[in-house]
Amino acid sequence: MSWDIFVQDFPDNAKTIADIPDDFRPATIGRRSDIINKILEVVPTANFSDPSWGLIDGEDWSIEVNIGN
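This is a predicted model, so every value here is computed, not measured. (Residues numbered from 1 in each chain as written. Predicted model: local features only at pLDDT ≥ 70, side-chain atom pairs only at ≥ 80, totals over all residues. Heavy atoms only, no water.)

Asks: Outline the overall build of the protein chain, supporting the account with residue identities and numerical values.
Replies: The number of helices and strands found in the protein chain is one helix and two strands. Taken from the N to the C terminus, the helices and strands of the protein chain come in the order α-β-β. Its C-alpha radius of gyration of 15 Å places the protein chain more than 25% over the 11 Å reference for a compact globule of 69 residues. Its C-alpha atoms give the protein chain principal-axis dimensions of roughly 40 × 30 × 20 Å. In the protein chain, buried positions account for 16% of the 69 residues. Across the protein chain, every contact between residues at least 6 apart in sequence was considered, and the portion connecting residues at least 24 apart equals 11%. A total of about 6100 Å² of accessible surface is found on the protein chain, and carbon and sulfur atoms cover 53% of it. Both charge centroids of the protein chain, one from 5 positive and one from 13 negative side chains, sit 9 Å from each other. (Helix = DSSP H or I, 4+ residues; strand = E, 2+ residues; numbered from the N terminus. Rg over C-alpha atoms; globule rule 2.2 N^0.38 Å. Buried < 20%, exposed > 50% of the residue type's maximum accessible area, 1.4 Å probe, protein only. Contact = heavy atoms within 4.5 Å. Areas by Shrake-Rupley, 256 points an atom, 1.4 Å probe, with all protein chains shown as cover. Lys, Arg positive; Asp, Glu negative; His and termini not counted. Charge placed at Lys NZ, Arg CZ, Asp CG, Glu CD.)

Asks: Please set out the nonpolar core residue by residue, giving values where relevant.
Replies: One finds Ile-35, Ile-36, Ile-39, Ala-46, Phe-48, Ile-56 and Val-65 forming the largest nonpolar core, which totals seven residues. With three residues, the top contributor of residues to this core is helix H1 (residues 32-42). Setting aside its immediate chain neighbours within four residues, Phe-48 contacts Ile-36, Ile-39, Leu-40, Gly-54, Val-65 and Ile-67. (Core = buried A, V, L, I, M, F, W, Y, C linked by side-chain atoms within 4.5 Å.)

Asks: Got a sec to walk through the pairing of strand E2 (residues 62-66)? Specific residues and values, please.
Replies: Bridge count between strand E1 (residues 53-57) and E2: five bridges; the pairing is antiparallel. Considered in E2, the bridge of Leu-55 is made with Glu-64. Two successive antiparallel strands, E1 and E2, enclose a turn made up of four residues. (Pairing = 2+ DSSP bridges.)

Asks: So what about the pattern of salt bridges? Which residues, and what values?
Replies: Tallied over the entire structure, the rule returns one salt bridge. With a closest N to O distance of 3.2 Å, Arg-31 and Asp-34 form a salt bridge. (Salt bridge = Lys/Arg side-chain N within 4 Å of Asp/Glu carboxyl O.)

Asks: Residues and numbers for the environment of Ala-14, please.
Replies: By the element assignment, Ala-14 lies in the segment before H1. Sequence separation between Ala-14 and Lys-38 is 24 residues, and the spatial gap between their C-alpha atoms is 26 Å. When neighbours within four sequence positions are excluded, Ala-14 is seen to be in contact with Asp-19 and Ile-20.

No statement about biological role is implied by the geometric values presented.
Written out as structure tokens, the structure is:
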């Protein structure tokens, strides 16, 4: 089984997708380097040799972190 999880800025009062206005433009959640550094603080073994696509591997699981451009 796999899951996709998205992290982004949402309006403070949005409780459901329907609460997000059609014209809403999310703010950045941070610079790529800051996001990578925060992840590495928690998971020092994370592999960001490609800064746009990080890999975090466990014994029987993995997480792919797509940060994009």
